[in-house]
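Structural description and commentary
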Amino acid sequence: KNRSLVRGWVLSRLVVALHLGTPCGSWSRARDRPWGPPPLRSDCAIWGLPDLRPGDLLAVSRGNILAKFSASVLFVRWHMRAPATAENPQTSRLWLCPPTKRFLSWARFSGVVTDFCQWGEAWLKPSKVMGCFVDLEGLNRRCKFRIMGVCSASGAPHINLKGQTPQGVFWIHIAESYPRPFARQLAKALNNGVISSRVVVLS
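Residues numbered from 1 in each chain as written. Predicted model: local features only at pLDDT ≥ 70, side-chain atom pairs only at ≥ 80, totals over all residues. Heavy atoms only, no water.

The phi torsion at R13 lies on the positive side, around 60 degrees, for a residue other than glycine. Take R13: it is sitting in the loop between α1 (2-11) and β1 (18-20). The backbone phi angle of D51 is positive, close to 60 degrees, even though this residue is not glycine. Within the fold, D51 resides in the loop between β1 and α2 (54-79). Classification of D51 as exposed rests on a relative accessible area of 78%. (Helix = DSSP H or I, 4+ residues; strand = E, 2+ residues; numbered from the N terminus. Buried < 20%, exposed > 50% of the residue type's maximum accessible area, 1.4 Å probe, protein only.)

This is the structure we're talking about:
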């Protein structure tokens, strides 16, 4: 129901700019690590591993539905020549699923990789942002010392997003939210894309 509502808004041109932060929980490679949640996918089983537990199977099913929905909405935005962006961790398997790979091959789609430590977070968390009809260069911030494990912005060691906090919460879940400066810059880029698209239409 919610997906149909959003798609209706987009098709009716009620949405001037769109960003999709598709939940990466079931797509994350952090699940491949022994100290994280159990893996749900692999590069060879992109739509889900066999013999998953009922709860994990539900998570994979929801992830598949949202991935296909995200790709379909991005296609609509591309066809309308309207600004749209999508974000997921750089290593997320979401970038490998067929619908996502298909829209990445289209003209007018561009992308950057940014490190969240450069936006004020204590962890590196490289993330990829892809978009159409929007200039993403302002989001292109990489940590110069990322290989050394030290943040080039703060000088502090990166927090390794492995295992759990003393309260029993997985670090990868804590790092899900966007840094506010990143969100503001993303909104600025989309706003500029809206202005540019209107100029093109008027001209």
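Now for α2. In an α-helix, one turn spans 3.6 residues; hence positions three or four apart end up facing the same way. If you check α2, its first and last C-alpha atoms are 38 Å apart, about what 26 residues at 1.5 Å a residue would give, namely 38 Å. Here α2 has its buried residues at D56, V60, G63, N64, A67, F69, S70, A71, V73, L74, V76 and R77. In this structure, the buried side of α2 is in contact with α1, β1, β2 (84-89), α3 (98-104), β3 (109-115) and β4 (126-132). Backbone geometry just after α2 places R81 at a positive phi near 60 degrees. (Expected span 1.5 Å × (residues − 1). Contact = heavy atoms within 4.5 Å.)

Along the chain, N88 falls in strand β2. With residues up to four places along the chain from it excluded, the contact list for N88 reads T22, C24, L94, W95, S127 and K128.

Before going further, it helps to spend a moment on the sheet that holds β4. Ordered in space as β1-β2-β4-β3, the four strands form an open sheet in which the pairing is mixed. The sheet terminates laterally at β1 and β3, the two strands that pair on one side only. Put simply, the sheet's adjacent strands are angled 20 degrees from each other on average, direction ignored. Where β3 meets β4, seven bridges bridge the pair, whose relative direction is antiparallel. Bridging from a neighbouring strand, T114 pairs with S127 of β4. (Pairing = 2+ DSSP bridges. Axes fitted to C-alpha atoms, helices over the stretch in contact; angles between N-to-C directions.)

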